[in-house]
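An overview of the molecular structure
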Amino acid sequence: MSTQWLQTLLVAVIVSTSAVLAMRHVAPGPFRLCQSSIARLLGQSRRSAVLRAFGRWLQPLEARQGGCGSGLGCSSCGGCGTSSATKAVESIPLKVPSPPLQRH
Amino acid sequence: MIESVVSLRLALVGNPNCGKTALFNQLTGGRQKVANYAGVTVERKEGRFSGPSGRTFQLIDLPGAYSLEAASPDEVITRDVCLGHFPGETAPDAIVCVADATNLRLHLRFVLEVRRLGRPMVLALNMMDAARKRGIDIDVAKLEAALGIPVVETVAVRRGGAAALAARLDGELPPAVLVDASSDLHAEVRAMLADAVSMPRRTAEIDDALDRFVLHPLLGLGVLAVIMFLIFQAVFSWAEPLMEGIEAAVGMIGTWVGSGLASMPMLQSLVVDGIFAGVGGVLVFLPQILILFLFILALEESGYLPRAAFLLDRLMLKAGLTGRSFIPLLSSFACAIPGIMATRSIQDPRDRLTTILIAPLMTCSARLPVYALLIAAFIPNQKVAGMFNLQGIVLFTLYVAGIVSALAVAWVIKLIRRDKSEHALLMELPSYRIPHPRDIAIGLWERANIFLKRVGGIILSLTIILWFLSTFPGAPEGATEPAINYSFAGMLGRWLHVLFEPIGFNWQISIALVPGLAAREVAVSSLATVYALSGHEEGLQAIVAAQWSMATAFSLLAWYVFAPMCLSTLATVRRETNSWRQVWIMAGYLFALAYIASFLTYQITRAFSA
Ligand SMILES: Nc1nc2c(ncn2[C@@H]2O[C@H](COP(=O)(O)OP(=O)(O)OP(=O)(O)O)[C@@H](O)[C@H]2O)c(=O)[nH]1
Ligand SMILES: [Mg+2]
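Just so it is clear, the structure is predicted and the values come from calculations on it, not from any experiment.

1. Focus: the sheet that holds strand E5 (residues 121-126) of chain B
Within a sheet, each strand pairs with its neighbour through backbone hydrogen bonds, oriented either parallel or antiparallel. Residues and elements named next belong to chain B. Here six strands make up an open sheet; going across it, the order is E2-E3-E1-E4-E5-E7 and the pairing mixed. Where the open sheet ends on each side, the last strands, each with one partner, are strand E2 (45-50) and strand E7 (151-153). Along the sheet, successive strands turn relative to each other by an average axial angle of 25 degrees, direction set aside. As paired elements, E5 and E7 share three bridges and run parallel to each other. Bridge pairing links Ala-124 to Val-152 in E7. Here helix H1 (residues 20-28) sits on the sheet and contacts strand E1 (6-14), E2, strand E3 (56-61), strand E4 (94-100) and E5; the angle it forms with E2, its principal contact strand, is near 45 degrees. Together, E1, E4 and E5 form the strand contacts of helix H3 (residues 104-115), whose direction differs from that of E4 by roughly 165 degrees.

Put into structure tokens, the structure is as follows:
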């Protein structure tokens, strides 16, 4: 019977890990939001030290966040524009000329 | 790890394609993309290096710019960083201006413009190897005196080629020179060149000779067609033995692991039907993807791409695009996301938007597994005219179908949009360069890594979820059909089937399309898992060949030419256009086109095969 239990446990762990990973890929924004609110909840001072440590570990790493809308994306762009870069881009005064056809 | 204190922030600035990123990689050990055309870098990147004395520097790599009067979104970034207007960041402490020593006439002008900013500055004279080879003689001391800033020779692509620059930056930098901002830059450049540089001829002989062929309006198009055609031939004919090897290895390991789990049937099914059948089904396509990238990387470094853009400019103008769109569109063959990012080098916002909207029609490498699976299953592996691989020809046709429909869509957008102004194409043609095998090997290694990460990450997790949905709830007592028909996935598949029946998709395909939204290759792994759970033992290709009609297969191919399903692309479009409207327009038109194309393909093929 214990094999039965072990099996169910393993399958449950594998499937739920996959669900979390897929969530993170498909909706990184809401995922991070979720992650940080759980981390905050666990970080409250009345929790046990273990839970608080877990909460700290769960805190999303801002530094690791790469753009591309999808961490794993097709990422020949590694981490594309930070959001601030994109904002700077939206306001472009348009000027036409560019250098002439040049060969060298 | 303790962060070492940054003593100086440096920004790499210069004309496009002068080797800024190559220098950046050389100094910081980074792996940013380097390629032989203008507009490779489109965003700000950061790295660190330490000088000989151990001081730490922060180095910022920037998009190339022709002038600080920015014309395109990528130039805006460079301008803003230099002026200290970039959000959340002060101006760099010093500017490392990079100039291509073989093209000083153009590049010195920008150096002079940057000098007017009045910041401490160093000039890196890059590509000195190429300049020497061409007999260009530069008197560095004279140039230094004329400019009033330190000038250092570099060869960014040679090991240690930037050591002198690092040493110079580590020393005391002279204060900024104050210059008269009203002088005529062109006249100044001419004077400096006359004084300090002797150039036997303006262009390289070999470039001119090659360009007579490559840029010839007729011969050139022929060359382009032959190159493209050969690439797709190679994708099919070279990859086969490697793919067979991977398939056999995955199968063997799967059987071995599966037999070890015999006492736990549910876990065994997860591992064998889910992980090994599903993920293994995608993994086999690694060789084909790498062969495609081998060619793309070689072409990027050769300097041929801007010439192809130049050749196609006419045609693209008719469709309402410009040659400028060529390279972003070509990048989309890897993935639409870098392609959409690369449109930042397009000045005209409407041209840029059109290019963004059609970028997903270029066949990205994630679609290759789907194409390859169906082609291998339905198109006989035979030679045409004694030498061409028929499967390769079909693959080529599918890519061309994507290109043609992109042009057609661009043409329609042109009809719709009110402003019909056209811009002449002004593009720099770089020198031809023979790609370094080592760089290509590194590039391929990186592509392999990206693919394997995708396989081990999103593809694996989605496949496991699909396994779960296809396994639970189990079949009821006394069930007659395979258990999967009673599962969540089976039910969902049957609902979706109503929508997709007119275009010939069975319920297995319908269900596979859903996780395919997150990563297109997952459509293949999902099919493998669904069929494995339905009790099929053979490989996916054999199952597909036996179970599907030709019409269904062709219909799915047509669907994937348009394939409106890629969430990451839509997210990137949202970010780059800052508008949900464009996202909806794109998703909507792609879905409509995919459905119509599949419908027609299905009905016509059925009529013919009946
Ligand atoms: N022979 C030679 N080639 C170089 C040297 N430095 C760079 N290159 C080549 O020049 C091309 C352009 O290099 P990049 O580093 O991508 O240029 P970039 O200035 O970053 O270009 P953008 O990002 O488009 O502005 C590539 O093909 C490099 O291999 C050099 O010192 N010698
Ligand atoms: Mg660059």
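2. Thoughts on the site of ligand 1
Residues and elements named next belong to chain B. The environment of ligand 1 is formed by 24 residues, the closest being Lys-20, Thr-21, Thr-41, Glu-301 and Arg-433. Here an oxygen atom of ligand 1 sits 3.0 Å away from a polar atom, N or O, in the main chain of Asn-17. Within the contact set of ligand 1, an oxygen atom lies 2.7 Å away from a side-chain nitrogen or oxygen of Arg-433. Within the complex, 97% of the 660 Å² of free accessible area of ligand 1 lies under protein. The dominant element in the shell around ligand 1, judged by the number of residues it contributes, is H1, at three residues.

3. A look at the coordination of the magnesium ion (ligand 2)
Residues and elements named next belong to chain B. Every protein donor of the magnesium ion (ligand 2) is listed here as Thr-21 (OG1) and Thr-41 (OG1), and their distances to the metal cover 1.9 Å. Note that Thr-21 is positioned in helix H1 and Thr-41 in the loop between H1 and E2, a separation of 20 residues in sequence. Side by side, Thr-21 and Thr-41 carry an identical accessibility label, which is buried.

4. Examining the confidence of the model for chain B
Low pLDDT marks stretches whose predicted atomic positions should not be read closely. Across chain B, the average pLDDT comes to 87, with 98% of residues at 70 or higher. Model confidence for the complex is summarised by a pTM of 0.82, with the ipTM given as 0.74.

5. So, helix H15 (residues 349-358) of chain B
Among the ten residues that make up H15(B), seven are buried, leaving the element largely enclosed by the rest of the structure. Among the residues of H15(B), those classed as buried are Asp351(B), Arg352(B), Thr354(B), Thr355(B), Ile356(B), Leu357(B) and Ile358(B).

6. Overview of the domain arrangement of chain B
Residues and elements named next belong to chain B. Along its sequence, chain B is carved into domain 1 (6-202) and domain 2 (222-417 + 445-609). Domain 1 and domain 2 are separated by 42 Å when their C-alpha centres are compared. Across the contact, 14 residues belong to domain 1 and 16 residues belong to domain 2. When domain 1 packs against domain 2, close to 1,200 Å² is buried across both sides, 54% of that on carbon and sulfur atoms. Area buried by domain 1 at its contact with domain 2 is led by Asn-36, Tyr-37 and Val-42, which between them contribute 41% of it. Our count for the contact surface shared by domain 1 and domain 2 stands at two salt bridges. Here Arg-31 ties to Glu-446 by a salt bridge, and the two come within 2.9 Å at their closest N and O atoms. Viewed at the interface, domain 2 and domain 1 are joined by six residue pairs in polar contact (both at pLDDT 80 or more).

7. Overview of the side chain of Ser365(B)
All names here are of chain B. On the secondary structure map, Ser-365 appears in the loop between H15 and helix H16 (368-378). By relative accessible area, which is 10% here, Ser-365 ends up buried. Reaching out from Ser-365, the side chain makes a polar contact with the backbone oxygen of Ala-334 at a distance of 2.8 Å. Residues within four places of Ser-365 in sequence aside, it is in contact with Ile-289, Phe-293, Phe-333 and Ala-334.

8. Some remarks on the packing of aromatic side chains
The way to describe two aromatic rings as a pair is by their centre distance and the angle between their planes. Applying the stated criterion across every chain, the model contains 16 aromatic pairs over all chains. Here the guanidinium or amino end of Arg494(B) rests over the ring plane of Trp507(B), the centre of that ring lying 5.8 Å away.

9. Observations regarding H16(B)
Of all eleven residues that make up H16(B), ten are buried, and the element is covered over most of its length. For H16(B), the full list of buried residues reads Leu368(B), Pro369(B), Val370(B), Tyr371(B), Ala372(B), Leu373(B), Leu374(B), Ile375(B), Ala377(B) and Phe378(B).

10. Some thoughts on the packing of helix H10 (residues 265-283) of chain B against helix H21 (residues 522-533) of chain B
Residue and element names in this part refer to chain B. Running from N to C, H10 and H21 cross one another at 145 degrees; their axes reach a closest spacing of 7 Å. Between H10 and H21 lies a crossing of right-handed hand. Residues Ser-269, Asp-273, Gly-274, Ala-277, Gly-278, Val-279, Gly-281 and Val-282 of H10 touch H21, and the partners they reach there are Val-524, Ser-525, Ala-528, Thr-529, Ala-532 and Leu-533. Considered class by class, the residues forming the contact of H10 with H21 number seven nonpolar, six polar and one charged.

11. Digging into unusual backbone geometry
Residue and element names in this part refer to chain B. Here the amide bond leading from Phe-472 into Pro-473 is cis, since omega sits at -15 degrees, within 30 degrees of zero. Relative to the helices and strands, Pro-473 is located in the loop between helix H18 (437-471) and helix H19 (488-500). Of note in this structure, Asn-578 is not a glycine but carries a positive phi near 55 degrees. Summarising the element assignment, Asn-578 is placed in the loop between helix H24 (567-577) and helix H25 (580-609).

12. What to know about the pattern of salt bridges
Residues and elements named next belong to chain B. Counted under the stated rule, the structure contains 17 salt bridges over all chains. For Glu-89, the salt bridge is made with Arg-44, and the minimal N-O distance between the two is 2.7 Å. One end of the pair, Glu-89, is in the loop between helix H2 (73-83) and E4; the other, Arg-44, is in the loop between H1 and E2, and 45 residues separate them in sequence. Across the pair, exposure class does not vary: Glu-89 and Arg-44 are buried alike. Between Arg-132 and Glu-153 there is a salt bridge; the shortest N-O distance is 2.5 Å. One end of the pair, Arg-132, is in helix H4 (residues 128-133); the other, Glu-153, is in strand E7, with 21 residues separating them in the sequence. Here the residues in one salt-bridge network are Arg-9, Arg-44, Glu-46 and Glu-89, joined through shared partners.

What counts and what doesn't
- Residues numbered from 1 in each chain as written.
- Chains lettered and ligands numbered in written order.
- Predicted model: local features only at pLDDT ≥ 70, side-chain atom pairs only at ≥ 80, totals over all residues.
- Heavy atoms only, no water.
- Pairing = 2+ DSSP bridges.
- Helix = DSSP H or I, 4+ residues; strand = E, 2+ residues; numbered from the N terminus.
- Axes fitted to C-alpha atoms, helices over the stretch in contact; angles between N-to-C directions.
- Contact = heavy atoms within 4.5 Å.
- Near = heavy atom within 4 Å.
- Polar contact = N/O pair within 3.5 Å; in protein donor to acceptor, adjacent residues only side chain to side chain.
- Areas by Shrake-Rupley, 256 points an atom, 1.4 Å probe, with all protein chains shown as cover.
- Donors = N, O, S within 2.8 Å, 3.2 Å for Na, K, Ca; no water.
- Buried < 20%, exposed > 50% of the residue type's maximum accessible area, 1.4 Å probe, protein only.
- pLDDT = per-residue confidence, 0-100.
- Domains from an automatic or database assignment.
- Buried area = accessible area lost by both parts, 1.4 Å probe.
- Salt bridge = Lys/Arg side-chain N within 4 Å of Asp/Glu carboxyl O.
- Phe/Tyr/Trp six-rings, centres within 6.5 Å; stacked < 30°, edge-to-face > 60°.
- Lys NZ or Arg CZ within 6 Å of the ring centre and 35° of its normal.
- Left-handed = near helix turned anticlockwise from the far one by under 90°.
- Nonpolar A, V, L, I, M, F, W, Y, C, P; charged D, E, K, R; others polar.

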